[in-house]
Amino acid sequence: MTNFSTATSIAHNVASGAQSAASVVEEHLQRIGQREEEVHAFNLVTSAEARERAADLDARIARGENVGPLAGVPIALKDNMCTRGVPTTCSSKILEGWKPPYNATVVDKLFAAGAVFVGKTNLDEFAMGSSTENSAFGPTRNPLDTSRVPGGSSGGSAAAVAAGFAAVSLGSDTGGSIRQPAALCGVVGVKPTYGLVSRYGLVAFASSLDQIGPFSHSVADAALLTEIIAGHDPMDSTSIPKPAPSLVSVLGRGVEGMRIGRVADLPEGADADVLARLDAAFVALEKAGATIVDVKLPSLSYALTAYYLIAPAEASSNLARYDGVRYGNRVAANDMNTMYADTRAAGFGDEVKRRIMLGTYALSAGYYDAYYGKALKVRRLISNDFAAAYANADVILTPTSPTVAFPFGAKTDDPLTMYLCDIFTIPTNLAGHPAMSVPFGTGQANMPVGVQILAPTLGEEAMFKVAAVLESAA
Ligand code: GLN
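Reading guide: rules and limits
For every chain, the first residue of its written sequence is number 1, and the numbers climb from 1 along that sequence. Whole-chain, interface and lining totals are the exception, using all residues; otherwise, since this is a predicted model, local features are given only for residues with pLDDT of at least 70 and side-chain atom pairs are given and counted only at 80 or more. Water and hydrogen atoms play no part in the side-chain values, which are based on all heavy atoms of the structure. Working definition: rings of Phe, Tyr and Trp (its six-membered ring) pair if their centres are within 6.5 Å, and the pair is stacked with planes under 30 degrees apart, edge-to-face with planes over 60 apart, and tilted otherwise. Elements are defined by DSSP. Helices are runs of H or I of four residues or more, strands are runs of E of two residues or more, and each kind is numbered from the N terminus. A 1.4 Å probe rolled over the protein chains alone gives each residue an accessible area, and that area as a share of the maximum for its type sets the label: buried under 20%, exposed over 50%, partly exposed in between. By definition, being over a ring means that NZ of Lys or CZ of Arg is both within 6 Å of the ring centre and within 35 degrees of the ring normal. Throughout, the term near means that a residue has one or more heavy atoms lying within 4 Å of the molecule or strand in question. Counting of polar contacts relies on pairs of N or O atoms within 3.5 Å, with two restrictions inside protein: one atom must be capable of donating a hydrogen and the other of accepting it, and residues adjacent in sequence are counted only when both atoms are side-chain atoms. For this document, the term salt bridge refers to a Lys or Arg side-chain nitrogen within 4 Å of an Asp or Glu carboxyl oxygen. Any two residues whose heavy atoms approach within 4.5 Å at even a single point are treated as in contact. When the sulfur atoms of two cysteines come within 2.5 Å, that pair is taken as a disulfide. Strands are labelled as partners when DSSP assigns at least two bridges between them. Convention used here: a crossover is right-handed provided that the path from the first strand, over the helix, to the second strand proceeds clockwise when the strands point away from the viewer. Residues counted as positive are Lys and Arg, residues counted as negative are Asp and Glu, and His and the chain ends are not counted. Every angle, taken between N-to-C directions, lies between 0 and 180 degrees, and every axis is a line fitted to C-alpha atoms, over only the stretch in contact when it is a helix. In plain words, nonpolar cores are sets of buried Ala, Val, Leu, Ile, Met, Phe, Trp, Tyr and Cys residues tied together by side-chain atoms within 4.5 Å.

## What about the packing of aromatic side chains?
Then, in step 1: This model, assessed by the stated rule, comprises 14 aromatic pairs.
Then, in step 2: Between W98 and Y327, the aromatic rings sit 5.3 Å apart at their centres with planes inclined by 80°, giving edge-to-face as the arrangement. Here Y327 lies in the loop between helix 9 (303–318) and helix 10 (336–347) and W98 lies in the loop between strand 2 (74–78) and helix 4 (105–112), a separation of 229 residues in the sequence.
Then, in step 3: On the basis of relative accessible area, W98 is assigned to the buried category, the value being 15%.
Then, in step 4: Plain terms: the ring middles of Y361 and Y371 are 5.8 Å apart, the flat faces sit at 50° to each other, and that makes the pair tilted. Residue Y361 is located in helix 11 (residues 350–363), and its partner Y371 is located in helix 12 (residues 369–389); the two are separated by ten residues in the primary sequence.
Then, in step 5: In this structure Y361 comes out as partly exposed when scored by relative accessible area, which is 41%.
Then, in step 6: Under the relative-accessibility criterion, Y371 is labelled partly exposed at 32%.
Then, in step 7: Three or more aromatic residues link up through ring pairs in this structure, and these residues are W98, F126, Y322, Y327 and F348.
Then, in step 8: Taking NZ or CZ as reference, R53 lies 3.7 Å from the ring centre of F111, over its face.
Then, in step 9: The ring of F282 has R262 lying over it, and the distance from NZ or CZ to the ring centre is 4.5 Å.

Structure representation (structure tokens):
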């Protein structure tokens with residue numbers, strides 16, 4: 001773990017008056033000033049707004065007000081979350097200059113909790129990618145080794161926390177985009193249960209898979225952030241009609257008597273250094289009193305194929321709205337159809353176009369049953385496999401990413417090798433389950449390795465208990 005202050009300690013210090021929100025913000029803006037040019041975590045740094053906000057919080061605290069559980073905590077937001085009046089680009093040229101007229105629900109919740117927003121972070125265009133190399137505004141660099149990628153698609157949010165630009169950040173995870181960059185940058189990353197956190201104001205990629213979640217230095221911060229952003233929202237029809245779970249209070253309860261699943265038929269592809277850390281994690285949990293049980297997930301090896309039909313299919317529909325009329329950029333033309341076509345040709349990058357074409361093909365009349373329909377059946381098989389596995393295990397442990405952070409350009413020539421980065425993260429999105437990545441030592445080139453903890457629907461409590469034990473063992 002890095003030695004930057006956690007959100008928990010900042011909030012405690014600011015609320016008690018031991019530290020001013022203004023000084024906390026200055027400290028983070030200073031680090032941004034020192035390293036942002038090299039790291040490029042942000043599409044936009046909102047320093048003026050952050051300073052104004054911190055001053056306001058300090059004034060309220062001086063008057064004796066309780067400003068909330070995130071008092072003065074600097075937070076970065078992935079640039080696919082709507083912020084009123086502040087540009088939201090999805091790292092795409094097609095949205096350049098667009099300012100949302102409203103805030104995402106998570107933004108309002110963090111604001112109400114006393115957080116200070118420091119900026120909007122870089123991502124693979126429309127969250128499609130695993131390295132942040134697909135951003136229209138240039139890649140983000142891994143703060144731990146700037147010759148390597150930070151992972152993706154939420155690479156900017158992971159890098160912002162790893163570099164100490166923000167104490168915590170939010171990302172979105174459709175197939176691994178929070179957990180994989182968290183693993184590659186050596187921070188904690190959580191994808192909550194589908195429906196636990198409102199997606200109102202999150203720009204949609206694949207609506208049956210997308211979830212918002214936090215990045216942080218500590219498991220306690222991740223639990224705190226998840227609690228704050230979770231809970232029912234009538235503005236998101238997929239939001240679970242239940243109150244937010246209490247997660248900070250379960251940390252420290254240990255794993256005595258818990259059953260930890262080890263996947264006997266884990267798909268191949270993980271490097272030896274990554275598998276060695278996974279083995280070490282099992283040993284640590286056993287030492288802490290848990291029992292390791294073998295589980296089988298035979299359909300897991302089909303998850304990637306199913307995902308790359310389902311996610312592009314949904315994306316091709318969601319991205320139809322960028323037509324040059326309603327949002328952002330327009331390429332002028334004499335007739336409407338040419339205007340649509342020219343705007344989309346100029347506005348979208350190669351990977352986004354590839355997904356739109358894949359998805360349109362998979363959904364087309366003659367191929368719907370053979371591709372999209374079949375992928376949905378595989379999705380069901382994966383859920384059934386998980387249900388059987390969770391009859392014997394409370395949580396399951398796998399690697400987060402098959403490799404440590406790789407050098408720039410290593411996987412850009414062949415999209416399939418890039419897609420394979422998500423082999424261990426995608427199954428949980430298809431099932432709608434929660435999962436998180438916890439840093440657990442280092443592998444090749446001294447780069448961090450993450451261990452992934454998977455849990456059944458609304459199994460966040462068990463997941464966080466295990467995470468806390470792994471954190472102290474690491
Ligand atoms: N890397 C995966 C993709 O490109 C997952 C992206 C995500 O979770 N947003 O689709």
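## Regarding the site of the ligand
Then, in step 1: Around the ligand, a shell composed of 15 residues is seen, among which G175, S177, Y307, R355 and D422 lie nearest.
Then, in step 2: The separation between an oxygen atom of the ligand and a polar main-chain atom of G175 is 2.6 Å.
Then, in step 3: In this structure, an oxygen atom belonging to the ligand sits 3.5 Å away from a side-chain N or O atom of Y308.

## Looking at the pattern of salt bridges
Then, in step 1: Applying the stated criterion across every chain, the model contains 15 salt bridges.
Then, in step 2: With a closest N to O distance of 2.6 Å, R51 and E26 form a salt bridge. With R51 in helix 3 (residues 47–62) and E26 in helix 2 (residues 21–39), this residue pair connects regions lying 25 residues apart in the sequence.
Then, in step 3: Residue E26 is classed as partly exposed on the basis of its relative accessible area, which comes to 33%.
Then, in step 4: Across the pair R355 and E351 runs a salt bridge whose closest N-O atoms are separated by 2.6 Å. Separated by four residues within a single helix, R355 and E351 lie in helix 11, roughly one turn from each other. With respect to burial, R355 and E351 carry one shared label: buried.
Then, in step 5: Linked through salt bridges whose partners overlap, the residues forming this network are D56, R60, R63 and E65.

## Examining the environment of A333
Then, in step 1: For A333, the position within the fold is in the loop between helix 9 and helix 10.
Then, in step 2: On the basis of relative accessible area, A333 is assigned to the partly exposed category, the value being 33%.
Then, in step 3: Measuring from C-alpha to C-alpha, the distance between A333 and L297 comes to 53 Å, with 36 residues separating the pair along the chain.
Then, in step 4: Setting aside residues up to four positions removed in sequence, A333 forms contacts with T338, M339 and D342.

## Digging into the state of the cysteines
Then, in step 1: Tallying each qualifying case throughout the model produces zero disulfides.
Then, in step 2: With no disulfide of its own, C82 has C90 as its nearest cysteine by sulfur position, at a separation of 7.8 Å.
Then, in step 3: In this structure C82 comes out as buried when scored by relative accessible area, which is 2%.

## Quick notes on the pairing of strand 3 (residues 116–121)
Two faces, one strand: in a regular strand the side chains alternate between the faces of the sheet.
Then, in step 1: Here strand 3 lies mainly inside the structure; six of its six residues are buried.
Then, in step 2: Bridging between strand 2 and strand 3 involves five bridges; their strand directions are parallel. Within the sheet, the bridge partner assigned to L77 lies in strand 3 and is K120.
Then, in step 3: This β-α-β element, strand 2 to helix 4 to strand 3, shows right-handed connectivity.

## Quick look at the side chain of K191
Then, in step 1: Position of K191 relative to the elements: it lies in strand 5 (residues 188–191).
Then, in step 2: For the buried K191, no salt bridge exists, and the shortest N-O distance to an oppositely charged side chain is 6.1 Å, to D173.
Then, in step 3: In this structure the side chain of K191 is engaged in a polar contact, spanning 2.9 Å, whose partner is the backbone oxygen of H433.

## As for the sheet that holds strand 11 (residues 448–454)
Sheet strands pair via backbone hydrogen bonds, and the direction of the pair is either parallel or antiparallel.
Then, in step 1: In space, the eleven strands of this open sheet follow the order 1-3-2-4-6-5-10-11-9-7-8, with mixed pairing throughout. Each edge of the open sheet carries a strand with a single partner, namely strand 1 (42–45) and strand 8 (291–295). Direction aside, the axes of adjacent strands within the sheet are offset by 30° on average.
Then, in step 2: As judged from the three bridges shared by strand 1 and strand 3, these two strands associate in the antiparallel manner. The residue bridging V45 from the neighbouring strand is G119, located in strand 3.

## Concerning the nonpolar core
Then, in step 1: Among the nonpolar cores identified, the biggest contains 50 residues, and L70, V73, I75, V106, L110 and L170 are the most heavily contacted of them.
Then, in step 2: At six residues, helix 2 tops the list of elements feeding residues into this core.
Then, in step 3: In terms of nonpolar packing, the next biggest core, distinct from the first, is built from 49 residues, F205, V263, V295 and Y390 among them.

## A word on unusual backbone geometry
Then, in step 1: Omega for the bond connecting G152 with S153 falls within 30 degrees of zero, at 10°, which places this linkage in the cis form.
Then, in step 2: Looking at the secondary structure, you find S153 in the loop between strand 3 and helix 5 (155–162).

## Some details on the side chain of T403
Then, in step 1: Positionally, T403 belongs in the loop between strand 9 (395–399) and helix 13 (415–419).
Then, in step 2: Looking at T403, the relative accessible area reads 19%, which means it is buried.
Then, in step 3: Not counting chain neighbours up to four residues away, the residues in contact with T403 comprise L184, D271 and V274.

## Brief notes about the environment of V255
Then, in step 1: The residue V255 is located in the loop between helix 7 (219–229) and strand 7 (259–263) in this model.
Then, in step 2: Sequence spacing of V255 and Y367 is 112 residues, and the spatial spacing of their C-alpha atoms is 48 Å.
Then, in step 3: Excluding residues that lie within four positions of it along the chain, V255 makes contacts with L285, A288, G289, A290, K465, V466 and V469.

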